[in-house]
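These are the residues of each chain, in order.
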Amino acid sequence: MLTASDGSEALNVLQGEDIQIVLSDQRMPGISGAQLCAQIRELRPDTIRIIVTGFGGVSILQEAYKSGDIYYYLMKPCNLDQLKMLLHRAAEAHDLIVENRRLRETTGETRPGGQGGAWNLWDPAPSS
């Protein structure tokens, strides 16, 4: 487990580490958790991004979820058992993403619409 005191430090850590899951607070110095997760998505698209928040602004998190910037968000205080289960599911989701990418690269398959690369589990369905 690695820790960072703010979003900038988290991005620096992610530059040199292949991180499976990022658990971020929404409210922190510098940038919000949603902004951090959007940047992480660009830098490390396979990293599962989760936000916890104790404040309002749930609509921002809902938009981040819909856009694929975050995998899930929790309200504080959160139940420890719920958090453990979520982290377990997030690790499974990460494993599926990585395996999906490996299989698609092995077979040369592309995403619908001719786009290359693997799917993220939360990618919106392609529009027809």
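Placed above this text is the structure.
Residues numbered from 1 in each chain as written. Predicted model: local features only at pLDDT ≥ 70, side-chain atom pairs only at ≥ 80, totals over all residues. Heavy atoms only, no water.

(A) Spotlight on the pairing of strand β3 (residues 72-75). One ladder, built from four bridges, connects strand β2 (residues 48-53) with β3; its direction is parallel. Considered in β3, the bridge of Val52 is made with Leu74. For the handedness criterion, the β-α-β arrangement of β2, helix α3 (residues 58-67) and β3 is classed as right-handed. (Pairing = 2+ DSSP bridges. Helix = DSSP H or I, 4+ residues; strand = E, 2+ residues; numbered from the N terminus. Right-handed = clockwise from strand over helix to strand, strands pointing away.)

(B) Representation of the side chain of Gln26 in the model. Within the fold, Gln26 resides in the loop between β1 (21-25) and α2 (33-43). Within the structure, the side chain of Gln26 is placed 2.9 Å from the backbone nitrogen of Ala34, a separation counted as a polar contact. When neighbours within four sequence positions are excluded, Gln26 is seen to be in contact with Ser32, Gly33, Ala34, Ile51, Val52, Thr53, Ile60 and Leu61. (Polar contact = N/O pair within 3.5 Å; in protein donor to acceptor, adjacent residues only side chain to side chain. Contact = heavy atoms within 4.5 Å.)

(C) Geometry of the pairing of β2. Of all six residues that make up β2, six are buried, and the element is covered over most of its length. Of the two faces of β2, the one lined by Ile48, Ile50 and Val52 and the one lined by Arg49, Ile51 and Thr53 are each fully buried. Here five bridges tie β1 to β2, and the two strands are oriented parallel to one another. Bridge pairing links Ile21 to Ile48 in β2. Note that the unit made of β1, α2 and β2 has a crossover that is right-handed. (Buried < 20%, exposed > 50% of the residue type's maximum accessible area, 1.4 Å probe, protein only.)

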